[in-house]
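Residue-level structural notes
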2 protein chains.
Amino acid sequence: MPTGSKTYEIKAGGGIAKRFSAALQKLSSPLQPRVPEHSNNKMKNLSYPFSREKMYLYNIQEKDTFFDNATRSRIVHEILKRTACSRANNTMGINSLIANNIYEAAYPLHDGEYNSPEDDMNDRKLLYQEWARYGVFYKFQPIDLIRKYFGEKIGLYFAWLGLYTSFLIPSSVIGVIVFLYGCATIEEDIPSREMCDQQNAFIMCPLCDKSCDYWNLSSACGTARASHLFDNPATVFFSIFMALWATMFLENWKRLQMRLGYFWDLTGIEEEEEHSRPEYETKVREKMLKESNKSAVQKLQTNTTESGNEHRPEERNSGVYLRATGKALVRKSRQNEAPFERCESSLEVISFGDILQFREDTELKGMWKRNVTEMQGVEDDEDKLTWKDRFPGYLMNFASILFMIALTFSIVFGVIVYRITTAAALSLNKATRSNVRVTVTATAVIINLVVILILDEIYGAVANWLTKIEVPKTEQTFEERLILKAFLLKFVNAYSPIFYVAFFKGRFVGRPGSYVYVFDGYRMEEASTATGCAPGGCLMELCIQLSIIMLGKQLIQNNIFEIGVPYMITVGRVSVSPSHAPRVSVIQFGFVTLFVASFPLAPVFALLNNVIEVRLDAKKFVTELRRPDAVRTKDIGIWFDILSGIGKFSVISNAFVIAITSDFIPRLVYQYSYSHNGTLHGFVNHTLSFFNVSQLKEGTQPENSQFDQEVQFCRFKDYREPPWAPNPYEFSKQYWFVLSARLAFVIIFQNLVMFLSVLVDWMIPDIPTDISD
Amino acid sequence: MPTGSKTYEIKAGGGIAKRFSAALQKLSSPLQPRVPEHSNNKMKNLSYPFSREKMYLYNIQEKDTFFDNATRSRIVHEILKRTACSRANNTMGINSLIANNIYEAAYPLHDGEYNSPEDDMNDRKLLYQEWARYGVFYKFQPIDLIRKYFGEKIGLYFAWLGLYTSFLIPSSVIGVIVFLYGCATIEEDIPSREMCDQQNAFIMCPLCDKSCDYWNLSSACGTARASHLFDNPATVFFSIFMALWATMFLENWKRLQMRLGYFWDLTGIEEEEEHSRPEYETKVREKMLKESNKSAVQKLQTNTTESGNEHRPEERNSGVYLRATGKALVRKSRQNEAPFERCESSLEVISFGDILQFREDTELKGMWKRNVTEMQGVEDDEDKLTWKDRFPGYLMNFASILFMIALTFSIVFGVIVYRITTAAALSLNKATRSNVRVTVTATAVIINLVVILILDEIYGAVANWLTKIEVPKTEQTFEERLILKAFLLKFVNAYSPIFYVAFFKGRFVGRPGSYVYVFDGYRMEEASTATGCAPGGCLMELCIQLSIIMLGKQLIQNNIFEIGVPYMITVGRVSVSPSHAPRVSVIQFGFVTLFVASFPLAPVFALLNNVIEVRLDAKKFVTELRRPDAVRTKDIGIWFDILSGIGKFSVISNAFVIAITSDFIPRLVYQYSYSHNGTLHGFVNHTLSFFNVSQLKEGTQPENSQFDQEVQFCRFKDYREPPWAPNPYEFSKQYWFVLSARLAFVIIFQNLVMFLSVLVDWMIPDIPTDISD
């Protein structure tokens, strides 16, 4: 895959486009990082897989720089992986040595010091100065340099993060505009004006039994006004916009990936040859041991005795250091025996000549690989795990995941119980009664946040453990399954309290006179008025919940885990796998898209977070962590599926937030079907049902009502028949009418947005034209 | 891509699986076509692109059979395409010669006679005996032989058709079971029993003004019973099944395609080098002519003068015949000039040696292709059509498609008007009054069918013409756009009357006392009772419409167009492009999936049709048509996207058919919310609203009612408030309740089935395990 000698130019479009792009380039020049051009914006070398036979094709000026840094380290890693250390077991490369605790780690060294004096320049220092500092947060990322230094996988990750961050800019702008629109129209919002009007004396039913009094709706005026900020028609537009934005983002990522793949010569690569993981091999060996009274006895025995020999440890302290690429092997101070001598000595003689030779070998091997593996496959048919062997692992996985999800749900439920009981307890005491709900809500959200943060870490470890139990065959499968499990658990963890508030809270309250009780006389919690929910729509509470969890999670995880923990890691010398890095951002992508209808400022916060996150991650990779092995990948793998899954799910979730949680549909229905003059005047009155207080159950009346007038009817928020109707307190016709409208909105919204997404998907070609030409 | 000498075995799973598959093979042996095994079920040759340099890799036993028939014809076609016939214009291959009417056609010859005497065997005859006859309809298709003879593209088409047909078998069986379930439970269906009960005297409002009388609901008893056959809970299950079936089918097709691609060595192939279409080149040349006062003048002039010379025709009558592969070039009897002599003579000397040489060339060219094309790209930047040049074509396309769709809709509307007016006219006459609706419905469906058949042909031609106007650059783009346009037009054409019946008919009737009138006093047509719609649910009429159009379309298109027309084509010597073959089946796939909820027998009819269709198409290709050029493709291209689009759309359409068209939801709602004893007793009464006949508008009362009792209230099917309610004839609470239930069902059904489809998609790996190992 290195580059040949012929170059050609990428066309830059016609006259106007050319001038425009030139102007753009000039304008953005202060934003460009000052790194030496890799000259691949305009010119592209023709590439061809390196082959020693065709050495004449390549423009080799200097042997030491022909393969770049990441490639060299990958080659050395490959050699280490393949070097056989014993006759019997042909997979005893460096990975097995590490897995068997003979070596502790093997990783490439950094180029040099990133904070060395000015005159001696290296890529690491360049990366630090132009990328891995907060001071350069406004600059584009030097993606090519990152790729050159860290390899394709990390390059792709930062390219993804960069694109995501830049896509957040327009959505932040529009989110702020939507928010400002809410601020600007707050005075014109008729329902909140009506609620605040002291003359409209809506006497509301008490919010708890006995100790709560009747109350006047105008006392919830402030929160009603605040809720208009997030619950106005602009948010409907915004959530359609964000659904399309998600599609656009994914489409553009496909294009960027294609473009990077083209410039980085990833288009033609086959999947990396997949070695079995050492854990898998061990498992297979164990299985064969068990079956030793079957036909394969002989072969197995030779295998096992030899491998038994190998594993006896031996006293060694020296580290192996390969100067060709600066690869360090950290030897554990343990006792090992002779067989590895041969292995190590062979590791030590690798030079550039070997690298060329090796690449040639690899290609030949690649060509006949299929053949060889198939032959092996025929030879030892029992050498793999069948479904029967895997069943306990799968069962364990399934059960554990179910258990974890149940745990999450029960914690959410526990917090609900906490809220209900604490609220009840506090309202008995006169001194604390006044600010019961503020206290309860605030403490509950904080409990939620803390639980989410703790479980997040636990679930990460559990997912890892579960995937190990599963014993996937290859490194790639391992990673995919780990990501999927960890994402599933963390997603449920982060979002279940939010889903509860969005769709369930306050919907099982019952009605005055027949409330729903849980645990012996605790009323189900109402959508609380302290957070401005009940009379002004439930959206406000969702918004608060969402913003606290999102901001809290980001701030704490960034500060404590991401800044604090890496130091510990460096001290404790544990390496962090780069493949898990996107997880935080993907959960955040969910916050940005799934509930954007209720919180238009989410993109802004995500943007601010990401600007920091990019530099933070960069700093971590450049200054704090061991340099990771350069890994070659074509794409971001399963992350893309997860992202597009979130994108699709967000359409449904936003449809329901607008239809069910917000007051958008009831207002529309009122305006066009019930209002006498086509305005929202009278809307508040329309949404409140009547209740005859004489029908309150014995012992639930307010104990000593200090309400200044005689109360005959109190009001509550629901569409029910009045007490004087033939069937009092049944759902009224309006209820079913509004429900039909809500559901119709969900259907229309979902299908419309899905259709538009498909259209956007179809209109944006996956392959940029300048490459496909 | 030919095969090398090494072979390896495909593993066939473990012990039980092996024995099972062996038994299966034995059982199905009478179904297997008796063609020589290509031995690729178990053994797979290792493949490598053919390269003359590495001749030692291949197991060349005989020069004449090393490349198979399709490959040879492809190679010759490639040579003909590339042979330059003049110095100036390097694209003057055989395609341009045909486009400029110098040759009439170029196609490979068939192997021999398919009905020659027994002893002389060839592939064509083998295909005829084992595949292209109705007598062998029960056998599997010899896909490998088809591919060998006709090339990959046609092979894939028949593989697709075969898989589709075999997938129709289980769905036919279940469809028949669902239908039989309907037959079996017809006696237990309470609503239809209630309707037929003479004692329940529901006096219905007249169906037309003046001339129609009141009528008794029990007179529609027969149709109500018939409609139960298609409108029962089993159809809900069946439509979920069919949605998953569609996903399963597409997943299995992906697998089969992957498997065929593996055995046919299509996995590694790059996209075919894409030559510009001659029409595109001509257009570019024209454009350059226009711009002749710009910088490129000189080059252009040389170009145009030379090409001007070339196009002068010349008298020639001889055909060119290449014995190496039996490729015929049909010379038009027109006057051509000298420059082509050189071209033809070079065409005539092609032999096997050339073919090898040629393939080697192609590979080298492939390697440097990118380079060369890019170089050219830089050289003459104006040599392509910009968006500005294409704009008129696109506009024309857009306008025409809109016009065609509008035309379709207006024809559907015209048929509606025909029904309304004819019904009104006929009911004035006493003699014809009795069977008005039968006459009208029958004639209208036939008109619809005829219009669909005619427009189908017209739209095919229009799509072709429109795509030509667009001047796509390559053959592939041309085909894709043509398919997309033709499919869109034909889809709208075939389905718009059905959509009308399913979702719109009878929904804008108004109510007694305030009917909706169109055109000066014609009442909007009601969902007609003659077809058993109004009182028994609208599903019956949809079912009739669907079956007549589907069956009629299949029968007539198969018999007239597919059997009749090919003879005309053979006589008229026009070649048929194989790429359009799937279109008929895809439209049929739509019939099978889109409205399966209303017509569970659709898969059976589709199955019967396809069994014939496979052999019919086969016969056409083997015996009647010129042998088409062997085309290599990896997949069925845009057809897959269309099929999966239909699959997705079918989920929504079935959800709506069940929710809106059928009586499923109202029955459920009645049973669980209104019924006193949890049964459907009283359902019919519940769905009928009351109308006070004294409120009938002046002049619309039945003229001379012969109804034997005094009528005070008549009934009509709707959920409206009774005349004695405070707001008579408004939609009642039940209406909104049922509507909410219907819409909720749509949401649940759609999301559930979509989720299950994703699950199925995810559970079935795209690559079969025996290949990926």
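Quick summary incoming for the structure in this document. (Residues numbered from 1 in each chain as written. Chains lettered and ligands numbered in written order. Predicted model: local features only at pLDDT ≥ 70, side-chain atom pairs only at ≥ 80, totals over all residues. Heavy atoms only, no water.)

It is worth spelling out the overall build of chain A at this point. Summing up its helical and strand segments, chain A has 26 helices and 13 strands in all. Out of the 773 residues in chain A, the part that is buried amounts to 51%. The long-range share in chain A, meaning contacts at least 24 apart out of those at least 6 apart in sequence, stands at 78%. (Helix = DSSP H or I, 4+ residues; strand = E, 2+ residues; numbered from the N terminus. Buried < 20%, exposed > 50% of the residue type's maximum accessible area, 1.4 Å probe, protein only. Contact = heavy atoms within 4.5 Å.)

We now examine unusual backbone geometry. Residue and element names in this part refer to chain A. Even without being a glycine, Tyr 729 presents a positive backbone phi close to 65°. Note that Tyr 729 resides in the loop between β13 (713–717) and α25 (733–763). Looking at Tyr 729, the relative accessible area reads 7%, which means it is buried.

It is worth spelling out the nonpolar core at this point. One finds Trp 131, Tyr 495 and Phe 595 of chain A together with Trp 131, Tyr 495 and Phe 595 of chain B to be the most contacted residues of the largest nonpolar core, which totals 217 residues. In contact with Phe 595 of chain B, other than residues within four places in its own chain, are Tyr 495, Ile 498, Phe 499, Ala 502, Phe 503, Leu 542, Leu 546, Gly 590, Ser 653, Asn 654 and Val 657 of chain B. (Core = buried A, V, L, I, M, F, W, Y, C linked by side-chain atoms within 4.5 Å.)

Okay, the environment of Trp 736 of chain B next. By the secondary structure assignment, Trp 736 of chain B is in helix α25 (residues 733–763). Judged by relative accessible area, which is 14%, Trp 736 of chain B ranks as buried. Sequence-wise, Trp 736 of chain B and Ala 224 of chain B are 512 residues apart; in three dimensions their C-alpha atoms are separated by 25 Å. Ignoring anything within four residues of it in the chain, the contact list for Trp 736 of chain B reads Lys 733, Trp 736, Phe 737 and Ser 740 of chain A together with Phe 731 of chain B.

Taken as a whole, this structure holds two disulfides over all chains when the rule is applied. Linked covalently through their sulfurs, Cys 205 of chain A and Cys 714 of chain A form a disulfide whose S-S length is 1.8 Å. Taking the sign of the S-S torsion, 85° for the link of Cys 205 of chain A and Cys 714 of chain A, the bridge is right-handed. Pair noted here: Cys 205 of chain A is in the loop between β4 (203–204) and β5 (215–216) and Cys 714 of chain A is in strand β13, with a separation of 509 residues, a long-range link. Assigned by exposure class, Cys 205 of chain A and Cys 714 of chain A land together as buried. Looking at the unpaired Cys 183 of chain B, the closest cysteine sulfur is the one in Cys 543 of chain B, lying at 12 Å. Taking the relative accessible area as the measure of exposure, Cys 183 of chain B reaches 32% and is therefore partly exposed. (Disulfide = S-S within 2.5 Å.)

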